[in-house]
Number of protein chains: 2
Amino acid sequence: MSRSLSRTPAITDVAKLAGVSVPTVSRVLTGSVPVSPERRERVLRAIQELGYRPNGAARALIKGHQSVIAVLAGATTRYGYALTIQGIEEAARLAGYIVMITVIEADDPETVSKTIDLALANPVAGVIVLKFDPAGIATVRAMPPGVPVVAVAGSRGSGVPHVVLDDTTAAMTATDYLLELGHRTVHHIAVPLAGRRSGRSAGWRKALERAGAEVPPLMEAGWDPHRAYEIGLTLADRDDVTAVLCGNDELAIGLLRALHEKGRRVPEEISVVGFDGHPLGALWSPALTTVQQDFVDVGRRAFGEVVAIIGKSQPPQNSSGTPQLVIRESSGPPPAARRR
Amino acid sequence: MSRSLSRTPAITDVAKLAGVSVPTVSRVLTGSVPVSPERRERVLRAIQELGYRPNGAARALIKGHQSVIAVLAGATTRYGYALTIQGIEEAARLAGYIVMITVIEADDPETVSKTIDLALANPVAGVIVLKFDPAGIATVRAMPPGVPVVAVAGSRGSGVPHVVLDDTTAAMTATDYLLELGHRTVHHIAVPLAGRRSGRSAGWRKALERAGAEVPPLMEAGWDPHRAYEIGLTLADRDDVTAVLCGNDELAIGLLRALHEKGRRVPEEISVVGFDGHPLGALWSPALTTVQQDFVDVGRRAFGEVVAIIGKSQPPQNSSGTPQLVIRESSGPPPAARRR
DNA sequence: GAGTCCCGTGAAAACGTTATCATCACTGCG
DNA sequence: CGCAGTGATGATAACGTTTTCACGGGACTC
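If you look chain A up in an unreviewed UniProt entry, it shows as LacI family transcriptional regulator from Micromonospora zingiberis.

Pasting the structure below:
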């Protein structure tokens, strides 16, 4: 099938074997200009025989950019992150793009700038930053000018175009729901803050304030379900806690485990609401009430936005995803309301 | 800080501004050849002022390859896949490489070859294929010659270098454990097969045969926990099922939910063992017994292997990861043994 | 003091592709 | 029959960088 050659075949080898000029081979490959059927056939045969594959670097050099989208993220395995990346990858692949993933380990300026340099050392067409955490925020801030960049975030922001998942509204919806059930207030175990005035924790606070409910101190659990479990062990001993909104479903599951161990019944004694719509949450006992976010879609939208910026075309309608409250078994009226 | 320029600055602009030749700028950037401190200083200042960033495509063109590793995978969000990718990315970033992710949607030849073409249209230094499923197998088979490629798999294979996670041994360990507890046999809900003679299902079968136990028909659940849930609903009505080994933890959780709904007690009536070591499994009630695999490590090893192939150096000691049985609450002796 | 070596430097070539331009043959029209 | 128009083709330039080569000057050796 493929002739042996000391080096990987280049377009000149194909041209020589097919008995045509180099540009003609290029024209067959790109299809930009018609080529006579007879020559086209010879070229294709030569390509086949040599196992020729166009050099992407040379193409990128002359085209001025490459079909590569860089994704910068603080993590890749957490549910929301992984799904967003999935959406980006899917949309990119369908459009003939490839995604590069680079993890930002920390939010200190040196790490951030080193990571950005590493990513931009490659010829990228555009950048998508997952601005879900402090590392993401620092990255957006440190991005050099001139690079097409889009941020995916839980709320709108300035500086670069943002594609948002309305976390604030989502948290308000969930909090309102619990208040309407009769809970006097809602406690909150938070994921790392991505901005004081917006995001999940802000929505929770806003909903409580609007309802005139007491705002209990926010409990930070990082990203670790075990930390939420520990918090849950202390929470289980308190009578004043009847509803807890968790920053994500993993934390909610850690909390559920702690309440279960302590013999607290959910939702009879305490209601628990998660965040994200993790598929395993539905399989818990009790099945987890959660606020579902369409991460895959936000990933797709982010890709569309980047492509629009690159192509200088009008960006697609920048609708923010509408979060959906999925009521399952882990939430209900507080004990006081039940006694009535 | 940075001068305005109609186009993105190239090395010639830096050279002109610094008053040196183009190669001198290159020498400052690469550090390959010493440059006098005074000129070096001027060059660095010019780079700073222009906001210059070397063009990766041009570099890749002349170097013959790029510091990019392509990862081809059947999925990115499933626990094992995501962790393996995390390990690859981490090791790659530390070595100054970056990873490209491409998902193989299906295992038909056309999809596979189109996806490979898309990935290899970029100048990649090497390829890592996640051979965890049929799509991965088809991809390894369809890889064109001449590209450095490493497969990550649940068992050894031929053709290309494999970095393995010993699924067969892992499944045997889990099955042996259940048999030793006194179960007459072990049922199995399988993830999609990645080879008949090896992998998780093969280890399960091998352990049963070696122990002279009956081998019940294998139940395929794909990757969907809900499918495992449905299987669990039917399993719950059967008295002969006392132990179930699941192809991964997500399936095990689906099964647990079904058993819970049907009022079957775990582990008193039925033991359930999962696979992977998913962190949420520990938070279930009952906490899930599982076989933990070090996916992050296998990802790191795969990267090391690819780099070794590229550099033609000796590959690092190719130890296969040792799976670890983590006994928690979801497994125990069968009802018969308990009555004794 | 003359020859040799080494170090820093710049000019030019090279990487593999696509874009631009000119050329040539052919067709269609007057 | 002549001319304009069209369509396919090849020569050449261009992309931005690194590598190779040659050169000049200073330090060292004998």
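After that view, the rundown keeps rolling.
Right, let's talk about the UniProt feature "domain: HTH lacI-type" (unreviewed entry) in chain A for a bit. Within this numbering scheme, the UniProt entry marks residues 9-63 of chain A as carrying the feature "domain: HTH lacI-type" (unreviewed entry). The span residues 9-63 of chain A shows a helical share of 71% and a strand share of 0%, and its end C-alpha atoms are spaced 21 Å apart.

Another aspect to go through is the side chain of A:T289. All names here are of chain A. Here T289 lies in strand β10 (residues 289-292). Residue classification places T289 among the buried positions, given a relative accessible area of 0%. In this structure, T289 is in contact with Y177, V272, V273, G274, L325, V326, I327, R328, E329, S330 and S331, ignoring residues within four places of it in sequence.

This brings us to the domain arrangement of chain A. By domain assignment, chain A separates into domain 1 (11-54), domain 2 (64-165 + 295-321) and domain 3 (167-293 + 325-339). For domain 1 of chain A and domain 3 of chain A, the distance between their C-alpha centroids amounts to 63 Å.

Residues and elements named next belong to chain B. Pairing is mixed across the open sheet formed by six strands, whose spatial order is β7-β6-β8-β9-β10-β11. Across the chains shown, the open sheet's two edge strands, defined by having one partner strand only, are β7 (219-220) and β11 (324-326). Sheet contacts for helix α8 (residues 167-180): β8 (243-246), β9 (271-276), β10 (289-292) and β11; angle to β9, the most-contacted strand, approximately 165°. Helix α11 (residues 249-261) rests against β6 (187-190), β8, β9 and β10 of the sheet, and its axis sits at about 155° to β9.

What follows concerns the pattern of salt bridges. Considering all chains together, one arrives at 36 salt bridges over all chains under this definition. Residues B:R93 and A:E105 are paired through a salt bridge, measuring 3.2 Å at the closest nitrogen-oxygen approach. A residue pair is termed interchain when its members come from two chains, as with B:R93 in helix α5 (residues 79-94) and A:E105 in the loop between β2 (98-103) and α6 (109-120). In this structure B:R93 comes out as buried when scored by relative accessible area, which is 13%. On the accessibility criterion, A:E105 (49% relative accessible area) is partly exposed. Among the salt bridges present, the one from B:D297 reaches B:R301, with a minimum N-O distance of 3.1 Å. Taken together, the positions of B:D297 and B:R301, both in helix α12 (residues 295-310) and four residues apart, correspond to about one turn of that helix. Connected through shared salt-bridge partners, A:E90, A:D297, A:R300 and A:R301 make up one network.

Scoring rules and cut-offs
- Residues numbered from 1 in each chain as written.
- Chains lettered and ligands numbered in written order.
- Predicted model: local features only at pLDDT ≥ 70, side-chain atom pairs only at ≥ 80, totals over all residues.
- Heavy atoms only, no water.
- UniProt positions renumbered as here; feature names shortened; annotations may be inferred.
- Helix = DSSP H or I, 4+ residues; strand = E, 2+ residues; numbered from the N terminus.
- Buried < 20%, exposed > 50% of the residue type's maximum accessible area, 1.4 Å probe, protein only.
- Contact = heavy atoms within 4.5 Å.
- Domains from an automatic or database assignment.
- Pairing = 2+ DSSP bridges.
- Axes fitted to C-alpha atoms, helices over the stretch in contact; angles between N-to-C directions.
- Salt bridge = Lys/Arg side-chain N within 4 Å of Asp/Glu carboxyl O.

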